[in-house]
Structure formats: C-alpha cells, structure tokens
Amino acid sequence: MSARLRVGVVGCGLIGRRRAIEAGASPHTECAAVADRVAAAANEAAAVSGAEATDDWRRVVERPDLDAIVVATPNGYLAEIAIAALSAGKHVLVEKPMGRNVAEAERIRAAACAAGRVLKVGFNHRYHPAIAEAWRRVTDGGIGEVINLHCRYGHGGRPGYEREWRGSRALAGGGELIDQGVHVVDLLHWFVGVPHEAFAVLQTAVWPLGDLEDNAFGLFRFPSGAVAALHTSLTVWKNQFGFDVYGHTGAVTVQGLGGSYGVETLNVYRRRLEGGAPERETHAFDGPDESWRLEWEDFVRALDGGEGMLGTADDGVAAMRMVDALYRSAAAGAVVEV
Ligand SMILES: NC(=O)c1ccc[n+]([C@@H]2O[C@H](COP(=O)([O-])OP(=O)(O)OC[C@H]3O[C@@H](n4cnc5c(N)ncnc54)[C@H](O)[C@@H]3O)[C@@H](O)[C@H]2O)c1
C-alpha cells in the first residue's frame, strides 16, 4: 500500500475515539476528519488523532478526500450514516450491532453491495488472542466434533443507565442482549455457524429500563446437533466474560478479556480415553488489549484487496438474525426458527 488511506470517524465517544487513535497510529492510514454532534467530543478526538473536527457528520461523509469512514454513534444512527457513507463511495467500518434490527443490517449490506465497497462490522472480540486461539483449536479439530458451547458476558450496569442511549429502545434497538449479547452471538456464529432454532427468556430485574432487558438467557440449536447457551447481564456486579466450547475429545475455555474483566486466559483440555482428569494447557494473555489494532489492520488489508476479513456484512446480518430470533422467542414464549 503506497499512500496512507484517509479516514473519517463519525461518533467520538468511547469507541469512536479509540478508532480515531488506531487510524492515526497505523502506518497505512491517517485520521483526517472526525465528527460528533457534541463539538467538545469531536475536538477531543481531533486532539488525540490529528484530525479536523466538525459537529456535522454529513460534512465528513461527503468529503471527497476520504477513503473510509468509521461509524461509532449510538445504534439508532448507524444505518443512516453507514448507508450515506457507502453511497458516497467510502469503505465503512460500522460498529456492532450493525443497526437496531435485521432490516437495518440488511439495508447496510445492500448499500455496500451496490457501492462495491468494503463493509466491516466492529466485532473486535474475534481479535482477542485467547478467543482467536480457541477458534483455531476448535476449527483444527483439536477438541473433536463440537457438542455444545456456553457463554457468559456481563457487567453491573450503573445508576442512570436508563437515561443513557443504551436505555432507549429508539436509540439502542434493545437492551443488554443487543449490546453485549451480540458479541457472544457473533462468536457462536463464528465458531459453529448459523443455528436453526432459538429460545430465550428475558428479565428486567434491577435497573429501571422499562421494556428493555437487563438479563437475557438464550439457547440455540445448530444443524450439526450442537447446542449453545448464553447469558448476558447487567446485574452480575463483577464484570465477567466466559466462552467455553466442549467437543467429543476435549474442550477450550476462555475467561476474561483483560482489564476489569480479568486476565484473558485460555485453557485447552484433552480428554483421556481411560478417564480421569484431562490433560490441560493454559495460556494467559496479560498484555494490553491489541484487539482494536488487529481489527483495524484486518480492515486495512481488506481495503488493499486482501481476502479473509473477519466481521463481514454477512457476519453482521447473521448475528442480527440470531439476536432477532432470541427477541422473537422471548416475546412468543416459544422456540422459534432463526
Ligand atoms: N466493539 C465493541 O466492543 C464496542 C464497545 C462499545 C460500544 N460499541 C458500539 O459503538 C457505538 C458507540 O458506542 P460508545 O460506547 O462509543 O457510545 P458513546 O455514548 O460513548 O459515544 C457515542 C457518541 O456518538 C455521538 N453522537 C450521537 N449521535 C450522533 C450523530 N447523529 N452524529 C454524530 N455523533 C453522534 C455522541 O455525542 C457520542 O459522543 C455503538 O454502536 C456501540 O454499540 C462497540
């Protein structure tokens, strides 16, 4: 790749600022423009990335000198801004969950196809080292045929959450399931494909979120016979992440994501045919979180014509279909088709 690609970032909160820093730090990209409806947020992102700031996202999306746009606004604006950027001929990295529902995700995918531009969905968990290594072990056949998977993801919420954008159906599209839950749903899809059946139970147990859930329990059944169970929660008080895959000849378990989620640790177990405790291999990844940089590099490789990018438009739509199936199941109180 010769010249540095020029990037614009729309939405300069926690994630947009992080993306702006990655874009500015990469040898292949520069962060040229940032937009946030709150001018102070745009200015702050500009200060850490060297970009020009504006409070109007259209002025970034329409700039002819930009190659790619990151969309990191609340979910309710992701589709409108991503589609406008794609239609203006930009490549786009849109944050998870790719809009508020299946229809928005499909509209984003259609806009990317029509424009012939790269569309990546921000599923940074795929780049966490323990998860990536677990995926390699499972797909290399290291634990035999997958029997079932078990995932937990959550934190303790916070007072006033109901007044944040995540506490609004119009801005978020759902509660904890579409927020953190979409990451575990994406991992399930990555590890074992698209399920055919789903069942879910939602709770609003503690936080005054109206009709949005603070806990979601989901079950999926996959055509292979594999079963997955997930629990995603705003009431676990101590941040937690766990992702376990059990196969006929072994298991992989991931705990932690670094920081407040604890040291990211992978255990690989190999069952002994004679019974007894399995063989165990443990890898602890206690360095800084590199997932954002690795995800950015993957996006940049794809812009340069590289193949095999993770977090494609199809992945985003699949994850949204799985989330949607869980919501439909919870509403119906019944097993539904995905
Ligand atoms: N990949 C991940 O792990 C991950 C983690 C957290 C959030 N996210 C996603 O990133 C997105 C942003 O989340 P966040 O935690 O950074 O939220 P945030 O509230 O910290 O930031 C959102 C920013 O968008 C700005 N904004 C709102 N409407 C806008 C508009 N129309 N135009 C321009 N700017 C606008 C807000 O002023 C705010 O600064 C969401 O889609 C969220 O789901 C992804």
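Residues numbered from 1 in each chain as written. Predicted model: local features only at pLDDT ≥ 70, side-chain atom pairs only at ≥ 80, totals over all residues. Heavy atoms only, no water.

## What to know about the overall build of the chain
Worth spelling out the cut-off: In this description a helix means any DSSP run of H or I spanning at least four residues, a strand means any run of E spanning at least two, and both kinds are numbered starting from the N terminus. Note that the radius of gyration is over C-alpha atoms, with the globule rule given as 2.2 Å times the number of residues to the power 0.38. For every residue, the accessible area (1.4 Å probe, protein chains only) is compared with the maximum for its type, and the residue is labelled buried under 20%, exposed over 50%, or partly exposed between those bounds. Residue contacts follow a heavy-atom distance rule, with two residues in contact if any of their heavy atoms lie within 4.5 Å. Note on areas: Shrake-Rupley, 1.4 Å probe, and residue coverage restricted to the protein chains presented here.
Along its length, the chain carries 11 helices and 15 strands. In terms of overall size, the chain behaves like a compact globule, its C-alpha atoms giving a radius of gyration of 20 Å where 338 residues would be expected to give roughly 20 Å. Across its three principal axes, the chain shows a C-alpha extent of roughly 65 × 45 × 35 Å. Going through the 338 residues of the chain one by one, you find that 53% of them count as buried. Excluding contacts between residues fewer than 6 apart, the proportion of contacts in the chain whose partners are at least 24 apart in sequence is 65%. By element, 52% of the accessible surface of the chain is carried by carbon and sulfur atoms, the whole surface being about 14,200 Å².

## Examining the packing of helix 5 (residues 102-115) against helix 11 (residues 313-332)
Rules: Inter-axis angles, ranging from 0 to 180 degrees, are taken between N-to-C directions of lines fitted to C-alpha atoms, where helices are fitted over the stretch in contact. Any angle from 65 to 115 degrees is called roughly perpendicular, while one under 35 is roughly parallel, one over 145 is roughly antiparallel, and all others are oblique. Residues were grouped as follows: Ala, Val, Leu, Ile, Met, Phe, Trp, Tyr, Cys and Pro as nonpolar; Asp, Glu, Lys and Arg as charged; and all remaining residues, including Gly, as polar.
Contact geometry for helix 5 and helix 11: axes closest at 9 Å, N-to-C directions at 170°. Compared by their axis directions, helix 5 and helix 11 come out roughly antiparallel. Only Ala313, Asp314, Val317, Met320, Arg321 and Asp324 of helix 11 make contact with helix 5, whose side of the interface consists of Val102, Ala105, Glu106 and Arg109. Across the contact of helix 5 with helix 11, the residue classes tally to five nonpolar, no polar and five charged.

## So, the pairing of strand 13 (residues 264-270)
To keep things clear, this is the line we draw: What makes two strands pair is DSSP finding at least two bridges between them.
The buried count for strand 13 comes to five of seven residues, which makes it a mostly enclosed element. As defined by bridge partners, strand 12 (residues 250-255) adjoins strand 13 across six bridges and the pair is classed as antiparallel. Within strand 13, the position partnered with Val254 by the bridge is Leu266. Where strand 13 lies against strand 14 (residues 279-285), seven bridges are found, and the strand directions are antiparallel. Across the sheet, residue Thr265 finds its bridge partner in strand 14, namely Ala284.

Take it as geometry only, folks, not as evidence of what the structure does.
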